[in-house]
There are 2 protein chains.
Amino acid sequence: MKIGQLARKTGAERQTIRYYESLRLLDEPRRNSSGYRVYDDDAARRLMFIKRAKSIGLTLSEIRTLIEISVGKANRCEEIRSFAEDKLRDVREKISHLQTIEKALSDLKGLCESSGDDLHCPFIETLLDDCIKEN
Amino acid sequence: MKIGQLARKTGAERQTIRYYESLRLLDEPRRNSSGYRVYDDDAARRLMFIKRAKSIGLTLSEIRTLIEISVGKANRCEEIRSFAEDKLRDVREKISHLQTIEKALSDLKGLCESSGDDLHCPFIETLLDDCIKEN
DNA sequence: CTGAACCTTAAAGTATACTATAAGCTGTAT
DNA sequence: ATACAGCTTATAGTATACTTTAAGGTTCAG
Ligand SMILES: [Zn+2]
Ligand SMILES: [Zn+2]
Ligand SMILES: [Zn+2]
Ligand SMILES: [Zn+2]
């Protein structure tokens, strides 16, 4: 399988595959006599692993960590669980941060909706005034 | 007020202030005889506006939009409310995406915890296998 | 044999929001 | 006088995850 076939099979771009190789997310493939990359099904499996891992919010560097933990030998469940806990904590923090933002935004929007004063929109005024006490 | 004083007053870095100016988030200040930037309290207010707007999750380009909508004249509440609605939709989408990720991660972690098989960790196996049916 | 499709590399561009560096001018305190 | 803080500009670096470009070699159909 050359790079274009692998790309078609997995839905990744050729350049992305080379990029992942440069990040050591994919093993260096063997080369044919013309220097072209030649892949097997394990490479496709690895690439799909990366795609799925990305879809659950892992960064490429986290995915490399996961590959390093689990490649070849036994999967080191203890490390994997602690990895998952760290990531879950991150995700939950992000959610709660966004919920704070959501509340702030909808509060401001509510102020604007109930004010009726187009000259001093409380959405804008609140952002302008809350921090500096016009000294 | 020179740039250093404005920086101290608002907690922004001098370079950040110049950067915001280059993005037209801050008006070009007047210059003194040596070419130094000279600011007034309105500039400080504007800078704090940017800080607060960032704290509720707005990007610099969204903040520029908000400034363009509201600067000088009446605040155009209708546009502001539609802006807020767009942003709220974004934030809610992000939250729900993260909640999906949270569920996937904790499900995988649960699989690992209840398996006891360190040789084929279901966390890794699921990511490896779900997409390609080892053809 | 020519052109299209496919492969190679290295380097630069994209987006976001800064942060740092270089090289140099200004202002003030001692 | 001179050190030191503070100002100027333009340019490059950081992080993430690609995408694009340039310049060229390979393979195969017609
Ligand atoms: Zn309003
Ligand atoms: Zn006010
Ligand atoms: Zn496990
Ligand atoms: Zn399997």
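The residue numbering used here restarts from 1 in each chain and proceeds along that chain's sequence as written. By the order in which they are written, chains take letters starting at A while ligands take numbers starting at 1. With the structure being a predicted model, the display of local features is reserved for residues of pLDDT at least 70 and the display and counting of side-chain atom pairs for 80 or more, all residues being used for whole-chain, interface and lining totals. Each side-chain value is derived from all of the structure's non-hydrogen atoms; neither hydrogens nor water enter the calculation.

Glancing now at the coordination of the zinc ion (ligand 1). Distances from the zinc ion (ligand 1) to its protein donors, Cys112(A) (SG), Cys121(A) (SG) and Cys77(B) (SG), fall at 2.2 to 2.3 Å. A residue pair is termed interchain when its members come from two chains, as with Cys112(A) in helix H5 (residues 77-115) and Cys77(B) in helix H5 (residues 77-115). Cys77(B) shares its class with Cys112(A); the two are buried. Each metal's donors are the N, O and S atoms within 2.8 Å of it, or within 3.2 Å when it is Na, K or Ca, and because water is not part of the set, sites may look incomplete. In this text, helices come from DSSP runs of H or I with a minimum length of four residues, and strands from runs of E with a minimum of two, each type numbered from the N-terminal end. Think of it in three bands: with a 1.4 Å probe and only protein chains considered, a residue is buried below 20% of the maximum accessible area for its type, exposed above 50%, and partly exposed in between.

Being near a molecule or strand, for a residue, means having at least one of its heavy atoms within 4 Å of it. In the neighbourhood of DNA strand C, 19 residues make up the surrounding shell, with Gly4(A), Arg37(A), Tyr20(B), Ser34(B) and Tyr36(B) lying closest. Taking the atoms of DNA strand C that fall within 4 Å of the protein, sugar and phosphate contribute 78% of them. Between N or O atoms, a polar contact is any pair within 3.5 Å; within protein, one atom must be a potential hydrogen donor and the other a potential acceptor, and residues adjacent in sequence are included only when both atoms are from side chains. Contact distances for DNA strand C include 2.7 Å between a phosphate oxygen and a side-chain N or O atom of Tyr20(B). Breaking the surface near DNA strand C down by element, the ones donating at least two residues are helix H1 (3-10) and helix H2 (14-22) of chain A together with helix H2 (14-22) of chain B. Residue contributions to the surface near DNA strand C peak at four residues, all from H2(B). Class assignment for the residues of the surface near DNA strand C results in six nonpolar, six polar and seven charged. Charged means Asp, Glu, Lys or Arg here, nonpolar means Ala, Val, Leu, Ile, Met, Phe, Trp, Tyr, Cys or Pro, and polar covers whatever is left, Gly included.

All names here are of chain B. With respect to the helices, strands and loops of the structure, Pro-122 is situated in helix H6 (residues 122-129). Residues Pro-122 and Leu-58, 64 residues apart in the sequence, show an inter-C-alpha distance of 39 Å. Pro-122 has contacts with Leu-108, Leu-111, Cys-112 and Ser-115, leaving out every residue within four places of it along the chain. In this description, contact between two residues means that some pair of their heavy atoms is separated by no more than 4.5 Å.

Another point: the protein's contact with DNA strand D. Around DNA strand D sit 19 residues in total, of which Gln15(A), Tyr20(A), Ser34(A), Tyr36(B) and Arg37(B) are the nearest. Of what DNA strand D places within 4 Å of the protein, 74% of the atoms are sugar or phosphate. The separation between a phosphate oxygen of DNA strand D and a polar side-chain atom of Tyr20(A) is 2.7 Å. For DNA strand D, a phosphate oxygen lies 3.1 Å from a polar atom in the side chain of Arg31(B). At the level of secondary structure, the elements contributing two or more residues to the surface near DNA strand D comprise H2 of chain A together with helix H1 (3-10) and H2 of chain B. Here the element with the most residues in the surface near DNA strand D is H2(A); it accounts for four residues. Among the residues forming the surface near DNA strand D, the class breakdown is six nonpolar, six polar and seven charged.

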